[in-house]
Every structure is written in structure tokens, then in C-alpha cells.
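# Structural features, examined
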Amino acid sequence: MTTAPESQMLEAEDAIDADCPAMLRAAPSSVEFKKLRKRLLREVRQAIDDYGMVPPDAHLKRPRWLVCLSGGKDSYTLLAVLMDLKWRGLLPVDLLACNLDQAQPGFPPEILPAFFEKNGIENLIVREDTYSIVTLKIPAHKTYCSLCSRLRRGILYRIAREQGCEAIVLGHHREDILETFFMNLFHGGRLASMPPKLVNDEGDILVLRPLAYCAESDVAKFAAGMQFPIIPCNLCGSQDGLQREEVKRMLMDWERATPGRLGVMARALAHTRPSHLLDRSLFDFASVRPGAANGKAAREAEEPCGAGLAMAANLFGDL
């Protein structure tokens, strides 16, 4: 990805530029909100760079992204930050906002079209009655999320192909990724989460999550400050006692007890030690012997336990 100097991100920060996207003109001018906006810009740009979401030849063949907009705080924030980066010349990508109307009862069909028209955003609204399919196939006391997600993803892949988009872009943030990790850990018996970048099974469409480094609290503050017209989900959001909600509460309790813990946990997902886990497909444990080369590699990978270091610091200070 071709990037501009960091200072370019902050140009015209205190002035209203005539070329500024209409969606961003209502941004609050307070110092606190400007800091929040800069932080989200920096984190999204970092995720895009770290995971190579924009191809190196984007200046020759400009990619087109299908930005999925549900009407929730996450997807509004995603679209706003991507448009902000594009306006600043830091994202050489064409954006197409897309809403998949799943025919949920009570869904207000007029809100997103009005929002797109008011802000001059290129968009596509597709109506597919997945709600009836999900509620027919899944008993009311069961979780709808899995089937709903599969149906929605298949439709979005089709739309992306029809619109010439190389990627669908989703608004999953840091907490979504951590929640999925613990859902897999507690209920799936595996260490896995939502990757910031993957390719679909057919191998022709990318799935991107540029908000991977962004805290949910920052996303919520940004959406509230921008006064986005939030549309609640009446499908999964109407079911109480979901396992994901239990995991979310657990993570929130941890963060309240030890501020900053979620950031540490998120960083841990990018720093794995296969030789210090139990997966034989990732590390050849059988061949580890004294003096063997891979034994040396395993020893070099060793690091002191973080909890042990913290305890030692509390007991002895800096020695």
C-alpha cells in the first residue's frame, strides 16, 4: 500500500474542506473527538498495512471494496473511517456501501436510503428474505447467528462478484475478535478467531476487517458523536442468554477490573508460540531431542511468563 506522510492525515483538521465527504462534515470539533477520530484512523490504517489489505499495485489497478452496512454502530464507523482515509489520499480504493435488507419485522427500510442520499454515498441496497429461512429452520430457543451469517455471507459474495469488487469489508472490531476466540476456546475446542484478512472457499473474494485493532468503546463513542441513525438488530439481538453475550460480559468484567487487559489479549493473538502449545500439526514435537536443531529453535522461542515477570517486579522492583 502506498502511504503518505503521517502529517498528511492531520491536514485540514481544524478547517472544513469543500472536498470533505458530506458524511464527515458533521464531525464534532471538540479536542476529545478529534483525538478519537485520529486514533481510529491510525488503527485502521495500521491494520490495512499490517495485513496487506490493499495490493501493492493499487495505483495501477484500483481495487473496489463492498463495504457492508447493517445500520449498526460498527458498520457506520467502518464506512466513515474508510471514507476519511480515502479523502486524505491514504486509501487508493473505490468504496461501494451495501446494505442487505434481510426482511426482519420492524426493519425501517427508509433510514439507510435517506442516509446514503443525504451524504452522496455510492450504495446498493439488496433485499433478501433470510429472516423467514432462519426462523423456519432454527427453533426459537436456539441461536440464529450461525445460519444467518452463512446465508448473509453467501449473498454478499454474489453481490461482490456482480459489482466487480475484490473484497467484502466487515465492521468487526477488537472485542468481536476476542469474543470469537473465547467462543471457540470454551465451546469449540480450538484456538481460532476472526482473521483481519481471509479469502473465501472459492478463492475469488477477500473478507477484510479493518477495525481489527479498534476498541468497541471507541467505536461506540465515535458513532454517538457522529449521531448515526442506528438500526437495532431484531433477529440475533432479540435472543437473551446467548453464549456470546456471556463471553462479552466476562471480557467487560476483566477490563473493568484491570483496564488495558483486552488490549494485551488482542496483541497476544498476533504473537503465538507453536512450540509452546499442543498442536502437532504446527510443530514437530516428535523429532525434538537434545541437541536437535528444532530443539534449539524451541529453546530460543522461550520467553518468561508474563505473570511471573509482573510478580517479580512487584516483589523486588527493578533489579
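The structure this text deals with has already been given above.
Quick caveat, the model's predicted, so the values are computed rather than measured.

## With respect to a nonpolar patch on the surface
Taken together, the side chains of L185, F186, L191 and L277 make up a nonpolar region of the molecular surface, amounting to roughly 360 Å² of accessible area. Tracing the backbone shows L277 in the loop between α9 (261-268) and α10 (293-300). Judged by its relative accessible area of 37%, L277 is partly exposed.

## Some details on the sheet that holds strand β2 (residues 94-101)
Within the open sheet, the 6 strands sit side by side as β3-β2-β1-β4-β6-β5. Their pairing is mixed. Each end of this open sheet is capped by a strand with a single partner; those strands are β3 (123-127) and β5 (197-199). On average, each strand axis in the sheet is tilted by 25° relative to the strand beside it, whichever way the strands run. As paired elements, strand β1 (residues 64-68) and strand β4 (residues 167-169) share 3 bridges and run parallel to each other. Bridged to V67 within β4 is V169.

## Some remarks on the pairing of β3
Pairing geometry for β2 and β3, over 5 bridges, is parallel. Looking at β3, one finds that D101 is bridged to R127. Handedness of the β2-helix α3 (residues 111-119)-β3 crossover: right-handed.

## Considerations on the packing of helix α6 (residues 174-188) against α9
Across the interface, α6 lies against α9 with an axial gap of 10 Å and an inter-helix angle of 65°. Between α6 and α9, the angle is such that the two are roughly perpendicular. Judged by the sense of rotation from one axis to the other, the crossing of α6 with α9 is left-handed. Mapping the contact onto sequence places R174, E175, L178 and F182 in α6 and L262, G263, M265 and A266 in α9.

## A few points about unusual backbone geometry
Positive phi, close to 55°, is recorded for Q227, a residue that is not glycine. Within the element layout of this structure, Q227 appears in the loop between α7 (216-226) and α8 (243-257). Classification of Q227 as exposed rests on a relative accessible area of 68%.

## Considering the packing of aromatic side chains
Across all of its chains, the model carries 11 aromatic pairs by this definition. When the centroid spacing of 4.9 Å and the interplanar angle of 15° are considered together, the rings of Y76 and F228 count as stacked. Taken together, the residues span a long stretch of sequence, with Y76 in helix α2 (residues 73-87) and F228 in the loop between α7 and α8 at a distance of 152 residues. For Y76, a relative accessible area of 0% translates into the label buried.

## Topic: the pattern of salt bridges
On inspection of all chains with the given rule, the structure shows 18 salt bridges. In this structure, the salt-bridge partner of K73 is E216, at a minimum N-O distance of 3.1 Å. Here E216 lies in helix α7 and K73 lies in helix α2, a separation of 143 residues in the sequence. With a relative accessible area of 19%, E216 lands in the buried category. A salt bridge links K248 to E179; its shortest N-O distance comes to 2.8 Å. Linking K248 in helix α8 with E179 in helix α6, this pair joins segments that are 69 residues apart in sequence. Like K248, the residue E179 is buried in the burial classification. Three or more residues are tied together by salt bridges with common partners; here these are K73, D74, E179, E216, R244 and K248.

## So, the side chain of N119
Along the chain, N119 falls in helix α3. In this structure the side chain of N119 is engaged in a polar contact, spanning 3.3 Å, whose partner is the backbone nitrogen of M23. The contact partners of N119, leaving out residues within four places of it in the chain, are A22 and M23.

## Comments concerning the pairing of β2
Most of β2 sits inside the fold, with 7 of its 8 residues counted as buried. Relative to β2, β1 runs parallel, the two sharing 5 bridges. Along β2, the bridge assignment pairs C68 with C98. Between β1 and its parallel partner β2, the chain crosses via α2, and the hand of that crossover is right-handed.

## Quick look at the nonpolar core
As a rule of thumb, soluble globular proteins bury nonpolar side chains together. Grouped together as the largest cluster of nonpolar side chains are 47 residues, with contacts concentrated most on W65, L79, L82 and F228. Of all the secondary-structure elements, those providing two or more residues to this core are α1 (31-50), β1, α2, β2, α3, β4, β6 (206-208) and α7. At 8 residues, the largest contribution of residues to this core is made by α2. Residues in contact with L79, not counting those within four places in the same chain, are M23, V67, L69, A97, F116 and I121. Listed in part, the 16 residues of the second largest apolar core include V126, L156, A160 and V207.

Calculation notes
- Residues numbered from 1 in each chain as written.
- Predicted model: local features only at pLDDT ≥ 70, side-chain atom pairs only at ≥ 80, totals over all residues.
- Heavy atoms only, no water.
- Patch = residues over 30% accessible without salt bridge, like charges linked within 9 Å, V, L, I, M, F, W, Y side chains within 5 Å.
- Areas by Shrake-Rupley, 256 points an atom, 1.4 Å probe, with all protein chains shown as cover.
- Salt bridge = Lys/Arg side-chain N within 4 Å of Asp/Glu carboxyl O.
- Helix = DSSP H or I, 4+ residues; strand = E, 2+ residues; numbered from the N terminus.
- Buried < 20%, exposed > 50% of the residue type's maximum accessible area, 1.4 Å probe, protein only.
- Pairing = 2+ DSSP bridges.
- Axes fitted to C-alpha atoms, helices over the stretch in contact; angles between N-to-C directions.
- Right-handed = clockwise from strand over helix to strand, strands pointing away.
- Parallel < 35°, antiparallel > 145°, perpendicular 65-115°, else oblique.
- Left-handed = near helix turned anticlockwise from the far one by under 90°.
- Contact = heavy atoms within 4.5 Å.
- Phe/Tyr/Trp six-rings, centres within 6.5 Å; stacked < 30°, edge-to-face > 60°.
- Polar contact = N/O pair within 3.5 Å; in protein donor to acceptor, adjacent residues only side chain to side chain.
- Core = buried A, V, L, I, M, F, W, Y, C linked by side-chain atoms within 4.5 Å.

Function-wise, these values are silent; they only describe arrangement.
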